[in-house]
Amino acid sequence: MSSPEIVSLSWGQMKVKGCSTTYKDCKVWPGGSRTWDWRETGTNVSLVFLSILHFKWDCESGVQPADLEEVVKKGVKTLVIGRGMSEALQMASVLRNANSLMLQRGELPNDCFFLFSSEVPPSTVDYLKKNGVDVLVLQTEKAVEEYNALAAQGVKVGGVFHSTC
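As the structure is a prediction and not an experimental result, all values here were calculated from the model.

What follows is about the overall build of the protein chain. Along the protein chain, the regular secondary structure elements total four helices and 10 strands. Counting every position in the protein chain, which comprises 165 residues, the buried fraction comes to 42%. Summarising the internal contacts of the protein chain: among those between residues at least 6 apart in sequence, 68% fall at separations of at least 24.

Set out below in structure tokens:
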């Protein structure tokens, strides 16, 4: 069974060949696809105001092994993770660095910080490696391009793709 081609991608919309559903976020694997619903694994995003001038993004855990388990069980050899059209799923490390610098400069009180941890944590990458799955983490347009190239080569490839921020 081959991995289905992702035939179109635009902000908030993805189409998979052979499927009538238009996805916002999706999982694909050899022979199938479905909506990737972050709420199934408890990943959610919220904006928390700490004061009038300070706020933080709070996103639990980033892409979790539970988000990928279904695709891994389909026997994929490579899994491609799309971290968003604007790469929002990589912002945690950027904001952590900004927090440190701002705290060092005294620009933020010690109890006020920005946190956005919706990335691919090392534990998730470790989970994939332990299951013998190669992983690529890319901006979503690049991720779809790479996924489609691997699928066209007959690689047993799967993917999880976030098509907004």
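Attention now moves to the environment of lysine 77. Along the chain, lysine 77 falls in the loop between helix H1 (65-72) and strand E8 (78-82). Aside from chain neighbours lying at most four places away, what touches lysine 77 is Gly132, Val133, Asp134 and Lys156.

This next bit is on the pairing of strand E4 (residues 25-29). Every regular strand shows the same layout, with side chains that alternate between the two sheet faces. Of all five residues in E4, five are buried; the element is thus mostly enclosed. The alternating pattern of E4 places Asp25, Lys27 and Trp29 on one face and Cys26 and Val28 on the opposite face, and all of these are buried. Bridge count between E4 and strand E10 (residues 157-162): four bridges; the pairing is antiparallel. Within E10, the residue paired with lysine 27 across the bridge is valine 160. Joining the antiparallel neighbours E4 and strand E5 (residues 32-35) is a turn of two residues, in which glycine 31 adopts a positive phi near 95°.

This brings us to helix H3 (residues 122-130). The periodicity of an α-helix, 3.6 residues per turn, causes residues three or four positions apart to be oriented the same way. Buried residues of H3: Thr124, Val125 and Leu128, and no others. All buried residues of H3 project into a common sector of 100° when viewed along the axis, lining one side. The exposed residues of H3 that point more than 90 degrees off its buried face are Pro122, Lys129 and Lys130. Where the residues of H3 are buried, they touch H1, E8 and strand E9 (134-138).

As a further point, take the nonpolar core. One finds Leu68, Leu79, Ile81, Leu128 and Val160 to be the most contacted residues of the largest nonpolar core, which totals 15 residues. For this core, the secondary-structure elements that each account for two or more residues are H1, E8 and H3. Ranked by size, the runner-up nonpolar core spans 14 residues in total, among them Ile6, Val80, Val144 and Val157.

What counts, and at which threshold
Residues numbered from 1 in each chain as written. Predicted model: local features only at pLDDT ≥ 70, side-chain atom pairs only at ≥ 80, totals over all residues. Heavy atoms only, no water. Helix = DSSP H or I, 4+ residues; strand = E, 2+ residues; numbered from the N terminus. Buried < 20%, exposed > 50% of the residue type's maximum accessible area, 1.4 Å probe, protein only. Contact = heavy atoms within 4.5 Å. Pairing = 2+ DSSP bridges. Arc of directions from axis to C-beta. Core = buried A, V, L, I, M, F, W, Y, C linked by side-chain atoms within 4.5 Å.

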